[in-house]
Amino acid sequence: MSFNSILNYENSKKKVGYVTRNEATQNTYDSIGFMSGLEVHQQLLTDQKLFCHCPAGIYNKSDDYDAELIRHMRPTLSELGEYDGTALMEFRTRKEIIYRINNENACTYEVDDTPPFPINMDALEKALEISLLSKLNVVGEVHITRKQYLDGSIPTGFQRTAILGVEGELELPNKKIRLIQLSIEEDSCREISDIGHVRLYKTDRLGMPLIETVTYPDFVNPDEVKEGCDYIRFLNRSTGKVRTGMGAGRQDVNVSCRGGNRVEIKGVAHTKWIPELTHNEAFRQWALLQIKDLLLTRIHNPANWKVNHVSIKNLTKDIPNISDKENVIAINLPQFEGALSYFTQPGQMFADELSTRLKVIACIEKPNMTHSEDISSDIDDKLFSKIKDILNSNKGDAQVVLWGNEEDMKTAIETIEERCKLALEGVPEETRKSFEDGTTIFERVLPGADRMYPDTDSAPIPLEDKYIETLRKRIPQDVIDNYKQLKKWDIPEETYTYIFSKNLFPLIERIINELGVQPSYVGTFIGHEVKFATGHYIGPENFTFERVYSLFKYLSKENIKHELAERMLPDMILHPKMDFDSILTSINFKRYSKEEILSKIPLLFDKFAEGKKEISLPKQKNWVMGNLRKIAMGNINLTELSKEI
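Enquirer: So what exactly am I meant to see when it comes to the sheet that holds strand 10 (residues 198-202) here?
Expert: Sheets are built from strands paired through backbone hydrogen bonds, the pairs being either parallel or antiparallel. If you walk across this open sheet you meet the four strands as 2-3-10-9, and the pairing is mixed. Two strands in the sheet have a free side with no partner beyond their single neighbour: strand 2 (67-71) and strand 9 (190-195). When strand polarity is set aside, the average angle formed by the axes of neighbouring strands in this sheet is 20 degrees. When strand 3 (residues 96-101) meets strand 10, the two strands line up parallel, connected through five bridges. Across the sheet, Arg-100 pairs through a bridge with Lys-202, a residue of strand 10.

Enquirer: So what exactly am I meant to see when it comes to unusual backbone geometry here?
Expert: Glycine aside, the phi torsion of most residues is negative, and most peptide linkages are trans. The step from Lys-366 to Pro-367 runs through a cis peptide bond, and the omega angle for that step is -5 degrees. By the element assignment, Pro-367 lies in the loop between helix 7 (350-361) and strand 18 (369-371). Although it is not a glycine, Asn-392 adopts a positive phi angle of roughly 55 degrees. On the secondary structure map, Asn-392 appears in the loop between helix 8 (381-390) and strand 19 (398-404). We classify Asn-392 as exposed; its relative accessible area is 62%. Phi at Asn-503 takes a positive value of approximately 55 degrees, unusual for a residue other than glycine. Looking at the element boundaries, Asn-503 is found in the loop between helix 12 (496-501) and helix 13 (505-515). By relative accessible area, which is 24% here, Asn-503 ends up partly exposed.

Enquirer: I would appreciate a short explanation of the sheet that holds strand 14 (residues 308-311) in the present structure.
Expert: Taken together, the four strands give an open sheet; going across it, the order is 14-15-19-18, and neighbouring strands pair in antiparallel fashion. Pairing within the sheet leaves two strands with one partner each, and these edge strands are strand 14 and strand 18. Strand-to-strand, the axes of this sheet are offset by a mean angle of 20 degrees, without reference to chain direction. Bridge analysis of strand 14 against strand 15 (residues 327-333) gives four bridges, and the strand direction is antiparallel. Looking at strand 15, one finds that Asn-308 is bridged to Asn-332. The strands touched by helix 7 within the sheet are strand 18 and strand 19, with strand 18 carrying the most contacts at an inclination of about 160 degrees. Most of the contacts of helix 8 go to strand 19, to which it runs at about 100 degrees, and overall it touches strand 14, strand 15, strand 18 and strand 19.

Enquirer: Even after reading the chapter, I still don't get the packing of aromatic side chains, so can you show me in this structure?
Expert: Each aromatic ring pair is summarised here by two numbers: the centre-to-centre distance and the angle between the ring planes. One pass over the full model with this rule turns up 19 aromatic pairs. Note on Tyr-9 and Phe-343: the rings are 5.6 Å apart at their centroids and 65 degrees apart in plane angle, and the pair reads as edge-to-face. Of the two residues, Tyr-9 is situated in helix 1 (residues 5-16) and Phe-343 in strand 16 (residues 343-345); the sequence distance between them amounts to 334 residues. The pair formed by Tyr-9 and Phe-343 is uniform in burial state, with each residue classed as buried. Consider the rings of Trp-489 and Phe-505, whose centres lie 5.7 Å apart with planes at 20 degrees: the pair is stacked. With Trp-489 in the loop between helix 11 (479-488) and helix 12 and Phe-505 in helix 13, this pair connects stretches of sequence that are 16 residues apart.

Enquirer: Looking at this structure, how should I read a negative patch on the surface?
Expert: Together, Asp-63, Asp-64, Asp-66 and Glu-104 give the surface a local cluster of negative charge. Tracing the backbone through its elements, the reader meets Asp-66 in the loop between strand 1 (35-43) and strand 2.

Enquirer: Quick question: what am I supposed to make of the nonpolar core here?
Expert: Soluble globular proteins tend to pack their nonpolar side chains together in the buried interior. The biggest cluster of nonpolar side chains holds 149 residues, and the ones touching the most others in it are Leu-333, Phe-336, Leu-402, Ile-526 and Met-568. Broken down by element, this core gets its largest block of residues, nine residues, from helix 6 (residues 274-296). Leu-402 has contacts with Asn-327, Val-328, Ile-329, Ile-331, Leu-358, Asn-368, Met-369, Met-409, Ala-412 and Ile-416, leaving out every residue within four places of it along the chain. Of all hydrophobic cores here, the second largest spans 13 residues; its members include Ile-101, Tyr-149, Ile-154 and Leu-206.

Enquirer: What is the right way to look at helix 1 in this model?
Expert: Three or four residues apart is the spacing at which side chains of an α-helix point the same way, because the helix has 3.6 residues per turn. The first and last C-alpha atoms of helix 1 sit 16 Å apart over 12 residues, in line with the 16 Å expected at 1.5 Å per residue. Inspection of helix 1 places Ser-5, Asn-8, Tyr-9, Ser-12 and Val-16 among the buried residues, and these make up the whole buried set. Along the long axis of helix 1, the arc covered by the buried residues comes to 100 degrees, so they all point the same way. Its buried side turned inward, helix 1 meets helix 6, strand 16 and strand 17 (348-349).

Enquirer: I would appreciate a short explanation of the pairing of strand 8 (residues 176-186) in the present structure.
Expert: The side chains of a regular strand alternate, first on one face of the sheet and then on the other. Burial analysis of strand 8 places eight of its 11 residues in the buried class, which makes it a mostly covered element. Bridge count for strand 7 (residues 158-171) against strand 8 is nine bridges, and the pairing is antiparallel. Directly across from Gly-168, in strand 8, lies its bridge partner Leu-179. Linking strand 7 to strand 8, which pair antiparallel, is a turn of four residues. Relative to strand 11 (residues 209-215), strand 8 runs antiparallel, the two being bridged by seven bridges. Pairing of Leu-182 across the sheet is with Thr-213, part of strand 11.

What counts and what doesn't
Residues numbered from 1 in each chain as written. Predicted model: local features only at pLDDT ≥ 70, side-chain atom pairs only at ≥ 80, totals over all residues. Heavy atoms only, no water. Pairing = 2+ DSSP bridges. Helix = DSSP H or I, 4+ residues; strand = E, 2+ residues; numbered from the N terminus. Axes fitted to C-alpha atoms, helices over the stretch in contact; angles between N-to-C directions. Buried < 20%, exposed > 50% of the residue type's maximum accessible area, 1.4 Å probe, protein only. Contact = heavy atoms within 4.5 Å. Phe/Tyr/Trp six-rings, centres within 6.5 Å; stacked < 30°, edge-to-face > 60°. Patch = residues over 30% accessible without salt bridge, like charges linked within 9 Å, V, L, I, M, F, W, Y side chains within 5 Å. Areas by Shrake-Rupley, 256 points an atom, 1.4 Å probe, with all protein chains shown as cover. Salt bridge = Lys/Arg side-chain N within 4 Å of Asp/Glu carboxyl O. Lys, Arg positive; Asp, Glu negative; His and termini not counted. Charge placed at Lys NZ, Arg CZ, Asp CG, Glu CD. Core = buried A, V, L, I, M, F, W, Y, C linked by side-chain atoms within 4.5 Å. Expected span 1.5 Å × (residues − 1). Arc of directions from axis to C-beta.

Here it is, written out as structure tokens:
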């Protein structure tokens, strides 16, 4: 019988024990040894970039540029005379890096034609305050180092970075997490495109001050990872000294399973993606360990394992994905049958580990390969049988067919062989790119310590104890203390994420303490009503939350019940210049006494009862409440009205 790829995929998925995240329990994650840590990046709110005087936070569109700069990156030896593995991998890609430069937000430092200016002290001070807030031990002297990046994201080929604090601890609602360090560094370019051997960047974000908070791998399930990431971001935002909005905060998530290795999921844009990504990555590693065990039962001398290949261009003229200009190579993978269609992630199999590396390392755009276990291959069984004969394949072997430009074929064949050899070792340490559906693909080899070395252009910066103590006095109350206070105020917990993400706790506290508004109402109003209104109404300018304080102050002064804020809020957003008196006119608010409102209740009872043989008291109450709500709001407390009805 011929090999059944679909059946193998489904059977291997069961063997891996994969379940959806909704089905998973803590026992599920304990059984595979789930472990995760975070690297949370946050841009600092400064006027200038970190090592030059260019303005920070001024962005431009991809086609808005004044010049283009082309670079080819090459690796350099570390201080110990060694090459970093990531740098060597990037060098093999033979990428041409193109930078689009806008004169408004870049200078000769950005393109590595000028040494760095002294570090931005405003940025350093803000980063030190966040280090103290994170309960880290601040260093006595700041040493700026260089971290190699040969993917082209930084024109110099390295990022300037400095450790500011080490060995801290954060208290989450349900556990404590340990922090390894907090660093300050310059942000990288924004990628425009990456096609073939050409990678395109723009330099508007390059050099902006950024902090990176690194945790120990203390998280034992995906939801904890998200909670920890949210907490660190809320902590940063509580200072009011970081940028917010799309791209201002990004996180790398490190994941492993028992027997696996650290894999870094790079640049996760939204914390809501984290649970699905970490869940799937842990099971991907668990699957790779099973593939290793499967292969080692057949391959007894992994060190001598190798592929053989042959050009089959003459056999593939009628295959639609292959052009006449491309070479086609068939590769035999000894004893790999069953591995290529082995489940790794939802919708992915081990063969995808090969094809994504071909795109990244050999720069062959997809579609770039098929294989003997492909569920929807353009090569039929008859042709594959002929290919096996040409390769002198044995029973139990698997075959890969790849195509691309002739000059990329040598790297492509090496890439396939390397990844298959890594399968015999288990889980390779690597960086992976994340997608919204919770899956990942290979991005690059995981960098090592060999890429770090001192920056000879920047002198050390001593930090005196007196200076640090001055900064310590500025830091705000810890987020966990604010969390506990919200609980005491009986504010619904589903509002906390919005409150902390927008740094609205100080606003809530002011309204409660200075205006005497009921705490549970203020928190609910902001966490529900303001969140909904700002998401559904778009005014001519950005809504400022300080207007909420002014609104409650106005209502208190005019002796109007605070519930009327719900009706006034849309007009506040749509017409930010309109004063509150005008908004009352706009919503047709009229003052009624409590007695006037309550006098209408008997009449409404009678009206509801007309023509009914039986009356449902809850329905009657709700109907009367609905009829009185509009005139009651602002004039009488709605809870009090409900009791009166």
